[in-house]
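Overview (structure and organization)
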Amino acid sequence: MVVSPLWSKAQKTQGSCRRQDSCACARVRSVQVGHKVRAERVESEIPLNPFTAGVYIATMMATIEVLREKGHPYSEICNESIIEVR
């Protein structure tokens, strides 16, 4: 992936925005709160429920299998079903 200097600057100033076209979202209050919460939390202190994690992974795998059976390319599956889920 080639990243333009403009995009690099936008990514640094907007927190966790991942796409150029979504950097304007930084003006939305809920996005600002999300940036603040993610910046302040300590990842290692977040509890992990094994059952919930297992259901999440099983759902993701089922989604991938169904989309592959329907003929979707892996690039689309990864982008729309895995990367965008966060």
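Of the regular secondary structure elements, the chain holds four helices and zero strands. Moving toward the C terminus, one meets the helices and strands of the chain in the order α-α-α-α. Residues classed as buried in the chain amount to 16% of the 86 residues present. Contacts in the chain between residues far apart in sequence, at least 24 positions, make up 14% of those at least 6 positions apart. Just so you have it, the chain exposes about 7,200 Å², and 60% of that area is on carbon and sulfur atoms.

With that settled, consider helix α3 (residues 50-69). Here α3 spans 28 Å end to end across 20 residues, near enough to the 28 Å set by a 1.5 Å rise per residue. Buried residues of α3: Met-60, Ile-64 and Leu-67, and no others. Looking straight down α3, one finds its buried side chains confined to an arc of 75°; they lie on one side. Residues of α3 that are exposed and angled more than 90 degrees away from the buried face: Pro-50, Phe-51 and Glu-69.

On to the packing of aromatic side chains, then. Applying the stated criterion across every chain, the model contains zero aromatic pairs. The ring of Tyr-74 carries the charged tip of Arg-68 above its face, separated from the ring centre by 4.2 Å.

Let's shift gears to the confidence of the model for the chain. Per-residue confidence for the chain gives a mean pLDDT of 77; residues scoring 70 or more make up 69%. Mean pLDDT in the chain bottoms out at helix α1 (residues 5-13), which sits at 41, and peaks at α3, which reaches 94.

Structurally, Ser-81 can be placed in helix α4 (residues 74-82). A residue is classified by how much of its surface remains accessible, and Ser-81, at 14% relative accessible area, is buried.

The next point concerns a nonpolar patch on the surface. Among the surface-exposed residues, Tyr-56, Ile-57, Met-61 and Val-85 lie close enough to one another that they form a single nonpolar patch of about 380 Å² accessible area. Mapped onto the elements of the fold, Met-61 is located in helix α3. Residue class for Met-61 comes out partly exposed when judged on its relative accessible area of 43%.

Counted under the stated rule, the structure contains two salt bridges. One salt bridge in this structure joins Glu-40 and Lys-36, with 3.8 Å as the shortest N-O distance. Of this pair, Glu-40 and Lys-36 both sit in helix α2 (residues 29-40), four residues apart, which is roughly one turn of the helix.

This next bit is on the packing of α3 against α4. Contact pair α3 / α4: the axes reach a minimum separation of 10 Å and the direction vectors enclose 145°. Classified by chirality, the crossing of α4 by α3 is right-handed. When α3 is examined against α4, the residues Met-60, Thr-63, Ile-64, Leu-67 and Arg-68 are found in contact with a partner set consisting of Tyr-74, Ile-77, Ser-81 and Ile-82. Of the residues contributing to the contact of α3 with α4, the split by class is six nonpolar, two polar and one charged.

About the thresholds
Residues numbered from 1 in each chain as written. Predicted model: local features only at pLDDT ≥ 70, side-chain atom pairs only at ≥ 80, totals over all residues. Heavy atoms only, no water. Helix = DSSP H or I, 4+ residues; strand = E, 2+ residues; numbered from the N terminus. Buried < 20%, exposed > 50% of the residue type's maximum accessible area, 1.4 Å probe, protein only. Contact = heavy atoms within 4.5 Å. Areas by Shrake-Rupley, 256 points an atom, 1.4 Å probe, with all protein chains shown as cover. Expected span 1.5 Å × (residues − 1). Arc of directions from axis to C-beta. Phe/Tyr/Trp six-rings, centres within 6.5 Å; stacked < 30°, edge-to-face > 60°. Lys NZ or Arg CZ within 6 Å of the ring centre and 35° of its normal. pLDDT = per-residue confidence, 0-100. Patch = residues over 30% accessible without salt bridge, like charges linked within 9 Å, V, L, I, M, F, W, Y side chains within 5 Å. Salt bridge = Lys/Arg side-chain N within 4 Å of Asp/Glu carboxyl O. Axes fitted to C-alpha atoms, helices over the stretch in contact; angles between N-to-C directions. Left-handed = near helix turned anticlockwise from the far one by under 90°. Nonpolar A, V, L, I, M, F, W, Y, C, P; charged D, E, K, R; others polar.

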